[in-house]
Amino acid sequence: MRITAGISKKLTSGRIFLYNHFMGTLQKYYKQSATYKIFKGMFELFADFLDTLGKITVNGIQVIKCILKGQIDKKELIYQCSRFGVSSLPITLTIVGMTSIIITSQVALEMVKQGGGNFIGMMMSILIVREVAVIMSGFAIISMIGSSLASELATMRVTEQIDAIKVLKVDPVGYLFVPRVLSGIIMMPFVTIIAAAVGVIAGAITSDLFAGLSYMAYFDSAWLGIYMKDLWVSLLKAVFFGGTIALISCSCGYFASGGAKGVGLATTKAVVWSFVAIVIWDMIFAIAFFF
Amino acid sequence: MSIEVKNLVKKFGNKTVIDNVSFKVNDKETLAIVGFSGSGKSTVLKLICGLIPKDSGEIITSEGDIAMVFQYSALFDSLDVEDNIAFALHERRDLRKKYSEEQIKEIVAQKLELVGLKGIEKLYPSELSGGMQKRVSFARAIVTEPKSILYDEPTAGLDPISSTLIEDYIVRLKEETNAASIVVTHQMSTITRTADRVIMLYNGKIVFEGTPDDMLKQDNEYTKQFVTASLDGPMKMMEE
């Protein structure tokens, strides 16, 4: 019995050795395979997505707490409002105006030919007030202000300025996030209103030039197409867009690491996340209010 | 006692950066922490002032503020010198109501005079030399009357004369504030001119503790290698 047990033991240890060797080799080759690399990359992306989402949410909650407690630096808020509103206005108006000209020039003549000239103003005003003004303003603000906020905070992070704020016992969320997020919430609706006005006017000029439609006919039709609900939903959307862009940009910058590369990565992340976030918000608003 | 560290441990991933480190720094005393790059010196400072969480151990500090002077000054580049120094007085809720604007201006002028930079209140950090930036960061650190001051490589990147000036200010600030100070440094002149005691870290552990004179005696293999800047010795730069 003892002899048999010894042989069996040897056989078992041999099998274990072979099994381990086989599995080790398999693992080695598997780790070099494209499938493994793709899945690993996807997992890392998903982990990073959850990590970023969590950080943005936590910062958002802290910002709301600070606002509710009235911890607002008014001097900094005024500065950030001027930065958010005034600096972004020229590029925003250019983009919205151009978009309006492009759309009107594509459709105005066709609509007049088909006998729908009287509906051009209506179509343009609905399109611009509901969507073009707010979403194009959002895109312009992401590229101008969002990227600037992210790179500013990321630079502060890598040059230890944020650590200095913490050591001086000043709340970095209260000092850095609150004025920036509030300025986004306050200024984005103003930018959107001005952009919408510019867009509708640009549509009128283009309709006149391309399709010979009178200003009177355009604005009569535009006036009929717009309801107060369109305006309020658009402004509410602007509030959400402004706050989201500022919050995402600040969060991405705040958690930057490394040197110049880290600043670049944080800025890219802020821009990509902000673009995706405002499109998601836009979809939610479209379903909630116009479906 | 102003700062006491007991059995402090900090790991980054699987690597133990600070391994069971203990020391004390009394009021009006300056402790220099020396060692090679990557030996965990700056991590100790960040753990003491709460910038990173510890894994285990105890950090006991006297009641009151802990100030830190950063390696590259870390001045707020969008604020002028006056606003940099007055930052905590303007932004901290407990200090905001304590001082009027006039008093804040007076405090800033007083702190600037202490670091020998009178009349530069309206300049921006980018308009200052490295040594001046460092002295402004000293002024910003002491504006809240801290009980402990931590210096992270205060003379790094400065010329020898500027280094001497900074070292003199470290000694002067200790005398003026009676604070417990910790200076992380590589430079022998900073150790000999500012420190009352020295500890040396290697691989996260204390390998020497004594006075600057003891360090120069070279009885210890580690300090001997450090002082002579030799490649031969127990400390290896590229250790895994």
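Residues numbered from 1 in each chain as written. Chains lettered and ligands numbered in written order. Predicted model: local features only at pLDDT ≥ 70, side-chain atom pairs only at ≥ 80, totals over all residues.

Peer 1: Looking at this structure, I do not really get the sheet that holds strand 9 (residues 205–210) of chain B. What am I missing?
Peer 2: Residues and elements named next belong to chain B. Taken in spatial order, the 6 strands line up as 5-6-7-3-8-9 in an open sheet, and their pairing is mixed. The sheet is open, and its two edges are formed by strand 5 (66–69) and strand 9, each paired on a single side. Across the sheet, the mean angle from the axis of one strand to that of its neighbour is 20 degrees, orientation sign disregarded. Examined bridge by bridge, strand 5 and strand 6 (residues 148–152) share 4 bridges and lie parallel to one another. For Ile-66, the partnering residue across the bridge sits in strand 6 and is Ser-148. (Pairing = 2+ DSSP bridges. Helix = DSSP H or I, 4+ residues; strand = E, 2+ residues; numbered from the N terminus. Axes fitted to C-alpha atoms, helices over the stretch in contact; angles between N-to-C directions.)

Peer 1: When you look at the pairing of strand 4 (residues 56–61) of chain B in this model, what are you seeing that I'm missing?
Peer 2: Successive residues of a regular strand alternate their side chains across the two faces of the sheet. Residue and element names in this part refer to chain B. Among the 6 residues in strand 4, 0 count as buried, and that is only a small part of the element. Examined bridge by bridge, strand 1 (residues 3–12) and strand 4 share 5 bridges and lie antiparallel to one another. The partner of Val-5 across the bridge, within strand 4, is Ile-59. (Buried ≥ 20, exposed ≤ 12 C-beta atoms within 10 Å, placed from the backbone.)

Peer 1: Is there a simple way to explain the interface of chain A and chain B in this structure?
Peer 2: A common way to report how large an interface is uses the accessible area buried once the components associate. Tallying the contact residues gives 11 residues for chain A and 13 residues for chain B. Per element, the largest residue contribution to the side of chain A that touches chain B is 5 residues, and it comes from helix 6 (residues 161–167) of chain A. Class assignment for the residues of the side of chain A that touches chain B results in 5 nonpolar, 2 polar and 4 charged. (Contact = placed C-beta atoms within 7 Å. Nonpolar A, V, L, I, M, F, W, Y, C, P; charged D, E, K, R; others polar.)

Peer 1: Would you mind going over the nonpolar core with me for this structure?
Peer 2: Soluble globular proteins: nonpolar side chains tend toward being buried together. Counting residues in each nonpolar core, the largest one holds 135 residues, and the members touching the most others are B:Met68, B:Leu150 and B:Ile182. Take this core: its biggest share by element is 20 residues, from helix 5 (residues 120–158) of chain A. The two domains that each donate at least three residues to this core are domain 1 (1–64 + 147–240) and domain 2 (75–145) of chain B. Those residues in contact with B:Leu150 that lie beyond four places of it in its chain are B:Leu45, B:Ile48, B:Cys49, B:Ile66, B:Ala67, B:Met68 and B:Ile182. (Core = buried A, V, L, I, M, F, W, Y, C linked by C-beta atoms within 7 Å. Domains from an automatic or database assignment.)

Peer 1: Explain helix 7 (residues 172–211) of chain A here, please?
Peer 2: Structurally, the α-helix is built with 3.6 residues per turn, so residues lying three or four positions apart point the same way. All names here are of chain A. For helix 7, spanning 40 residues, the distance from its first C-alpha to its last is 55 Å, which sits close to the expected 58 Å at 1.5 Å a residue. The sharpest bend along helix 7 comes to roughly 30 degrees, located at Val-178, with the proline Pro-179 sitting one to four residues further on. Extensive coverage of helix 7 is indicated by the burial of 28 of its 40 residues. Looking one or two residues past helix 7, Gly-212 carries a phi angle of roughly 65 degrees, positive in sign. (Expected span 1.5 Å × (residues − 1). Bend = angle between axes of the 7 residues up to and from the residue.)

Peer 1: Hey, could you run me through the domain arrangement of chain B in this one?
Peer 2: All names here are of chain B. Per the domain assignment, the segments of chain B are domain 1 (1–64 + 147–240) and domain 2 (75–145). Using C-alpha coordinates to define each centre, domain 1 is positioned 26 Å away from domain 2. Facing 11 residues of domain 1, the contacting portion of domain 2 comprises 10 residues. Among the elements that line the side of domain 1 that touches domain 2, the one with the most residues is helix 7 (residues 160–177), at 7 residues. Looking at side-chain class alone, the side of domain 1 that touches domain 2 contains 7 nonpolar, 3 polar and 1 charged residues.

Peer 1: Is there a simple way to explain the sheet that holds strand 1 of chain B in this structure?
Peer 2: Paired through their backbone hydrogen bonds, the strands of a sheet run either parallel or antiparallel. All names here are of chain B. The strand order across the open sheet built from 3 strands is 2-1-4, with neighbouring strands paired in antiparallel fashion. Because the sheet does not close on itself, it has two edges, and the strands there are strand 2 (15–25) and strand 4. Across the sheet, the mean angle separating the axes of adjacent strands is 20 degrees when strand polarity is ignored. In this structure, strand 1 lies alongside strand 2, joined through 8 bridges in antiparallel fashion. Residue pairing in the sheet places Glu-4 in a bridge with Lys-24 of strand 2. Along the sheet, helix 1 (residues 41–48) contacts strand 1, strand 2 and strand 4; its crossing angle with strand 2, the most-contacted strand, is approximately 65 degrees.

Peer 1: Sorry, what's going on with the pairing of strand 7 (residues 180–184) of chain B here?
Peer 2: All names here are of chain B. In terms of residue burial, strand 7 counts as a mostly covered element, since 5 of its 5 residues are buried. Residues Ala-180, Ile-182 and Val-184 of strand 7 are buried on one face, and the alternating residues Ser-181 and Val-183, pointing to the opposite face, are buried as well. Relative to strand 7, strand 3 (residues 30–34) runs parallel, the two sharing 4 bridges. Along strand 7, the bridge assignment pairs Thr-30 with Ser-181. The sheet contact formed by strand 6 and strand 7 spans 5 bridges and is parallel. When the bridges of strand 7 are listed, Leu-150 appears paired with Ile-182. Between the parallel elements strand 6 and strand 7, the chain passes through helix 7 in a crossover that is right-handed. (Right-handed = clockwise from strand over helix to strand, strands pointing away.)

Peer 1: Explain helix 7 of chain B here, please?
Peer 2: Residue and element names in this part refer to chain B. Here helix 7 contains 18 residues, and its C-alpha end-to-end distance of 26 Å stays within 8% of the 26 Å for a straight helix at 1.5 Å per residue. Buried within helix 7 are the following residues: Ser-163, Ile-166, Glu-167, Tyr-169, Ile-170, Leu-173, Lys-174 and Thr-177. The arc that holds every buried residue of helix 7, seen down its axis, measures 160 degrees, which confines them to one face. Exposed and oriented more than 90 degrees from the buried face of helix 7 are Pro-160, Ile-161, Glu-175 and Glu-176. Looking at the buried positions of helix 7, the neighbouring elements they touch are strand 3, helix 6 (130–142), strand 6, strand 7 and helix 8 (188–194). Asn-178 sits one or two positions beyond helix 7 and adopts a positive phi of about 55 degrees. (Arc of directions from axis to C-beta.)

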